[in-house]
Amino acid sequence: MNETRTKLLLVDDESAITSMLAPFFERAGFAVTVAADGEQAMVRHAEQRPDIVVCDVLMPKLDGREVVRRLRAEQSWTPVILLTQVGEAGERALALDEGADDYVNKPFDPHELLSRVKAVLRRQVAGQQPLTAAAGLASGDLRVDRAARRVWLAEREVTLTPRASLLLDYLMSHPQELHTRERLLNALWGYQFGANTRAVDHRIAELRRELKD
């Protein structure tokens, strides 16, 4: 049966997390392999060739961002979702720039994480570089240079605040997905319970204004 199941590599140094998530994903139909740190994750990835990796950021030996960097350096486009308690937007921006496919803040709802895993798998094309690892993004007249953090609309360069730039990058690299305010706050701002904040609304308004939407 396992041959036909989607293979998921779960990486976390906290046994409380893996002992809870591994059976949860198994019940959801995944074949789960567990690694306790980044070095073990690289070994398991080479052995198992998983379809997706769910990986903690703060771990001994190799952290989650270094796992992403090494996979991408090997031209491996296995999608990676990072888990972390770090709330800094800069940390998230760097991880996404380095090729992470998504970012989920701890503590999290396992069902929300499952929905993110399924969303990432839906947009993944086997063997192809994902949008989250691309050097540039384009949609119609809109172009984004991800390394330089520069945006053009037709021939006009658009100046955005850093947070709006990160938001635009995230939306363009995660097409055809439903993004709630809470989801964007969690992925890009690190707010787990931010229903009353208007941070997303302000940055969406900025994008609409600058992009003439």
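For every chain, the first residue of its written sequence is number 1, and the numbers climb from 1 along that sequence. Local features in this predicted model are restricted to residues of pLDDT 70 or higher, and side-chain atom pairs are both shown and tallied only at a pLDDT of 80 or more, whereas totals for entire chains, interfaces and linings draw on every residue. By convention in this description, side-chain values take in all heavy atoms of the structure and omit both hydrogens and water.

Details of the packing of helix α1 (residues 15-27) against helix α5 (residues 110-123)
What counts here: The axes used here are C-alpha line fits, helices contributing only the stretch in contact, and every angle between their N-to-C directions lies in the interval 0 to 180 degrees. Only runs of H or I of at least four residues qualify as helices and only runs of E of at least two qualify as strands under DSSP, and these elements are numbered from the N terminus. An angle below 35 degrees is treated as roughly parallel, one above 145 as roughly antiparallel, one from 65 to 115 as roughly perpendicular, and anything else as oblique. Should the near helix be turned anticlockwise from the far one by less than a right angle, the crossing is termed left-handed; should it be turned clockwise, right-handed. When checking whether two residues touch, look at their non-hydrogen atoms; a contact exists if any pair is within 4.5 Å. Throughout, the ten residues Ala, Val, Leu, Ile, Met, Phe, Trp, Tyr, Cys and Pro are labelled nonpolar, Asp, Glu, Lys and Arg are labelled charged, and all others, Gly among them, are labelled polar.
Contact geometry of α1 with α5 gives a least axis separation of 11 Å together with a crossing angle of 55 degrees. By the angle between their axes, α1 is oblique relative to α5. Handedness of the α1/α5 crossing: right-handed. Each of M20, L21, F24 and F25 in α1 lies in contact with α5, whose residues at this interface are P110, H111, L113, L114 and V117. Its residues placed into classes, the contact of α1 with α5 shows 8 nonpolar, 1 polar and no charged.

Concerning the packing of helix α6 (residues 162-173) against helix α8 (residues 199-210)
One can describe the packing of α6 onto α8 by two numbers: an axis separation of 9 Å at closest approach and a directional angle of 80 degrees. Overall, the two elements α6 and α8 adopt an arrangement that is roughly perpendicular. For the pair α6 and α8, contact is made by R163, A164, L167, L168 and L171 and by R203, I204, E206 and L207, respectively. Residues that form the contact of α6 with α8 fall into these classes: 6 nonpolar, no polar and 3 charged.

A short note on the sheet that holds strand β8 (residues 150-153)
Strands pair in a sheet through their backbones, by hydrogen bonds, and they do so in one of two ways: parallel or antiparallel. The condition that has to hold: Strands were regarded as paired on the criterion that DSSP finds at least two bridges between them.
Spatial strand order, β6-β7-β8-β9: 4 strands in an open sheet with antiparallel pairing. Sheet topology places β6 (136-139) and β9 (156-158) at the edges, where each strand pairs with a single neighbour. Across this sheet, the average inter-strand angle for adjacent strands is 20 degrees, counted without regard to direction. Sheet topology note: the β8/β9 ladder contains 3 bridges and is antiparallel. Bridge pairing links V151 to V158 in β9.

Let's talk about helix α2 (residues 38-48)
For the record, the criterion: The rule is simple: take the accessible area with a 1.4 Å probe, protein chains only, and divide by the maximum for that residue type; under 20% is buried, over 50% is exposed, in between is partly exposed. Regarding the arc, it is the one traced by the directions from the helix axis to the C-beta atoms. Here a polar contact means two N or O atoms within 3.5 Å. Within protein one must be a hydrogen donor candidate and the other an acceptor candidate, and residues neighboring in sequence count only if both atoms are side-chain atoms.
Inspection of α2 places G38, A41, M42 and H45 among the buried residues, and these make up the whole buried set. Axial view of α2: buried residues confined to an arc of 100 degrees, hence all on one face. Buried residues belonging to α2 abut β1 (6-11), β2 (30-35), β3 (52-56) and α3 (64-73). The distance from a side-chain oxygen at the start of α2 to the backbone nitrogen of E39 is 3.0 Å, and the residue carrying that oxygen is D37. Of the residues flanking the end of α2, it is R49, one or two places downstream, whose phi is positive at about 50 degrees.

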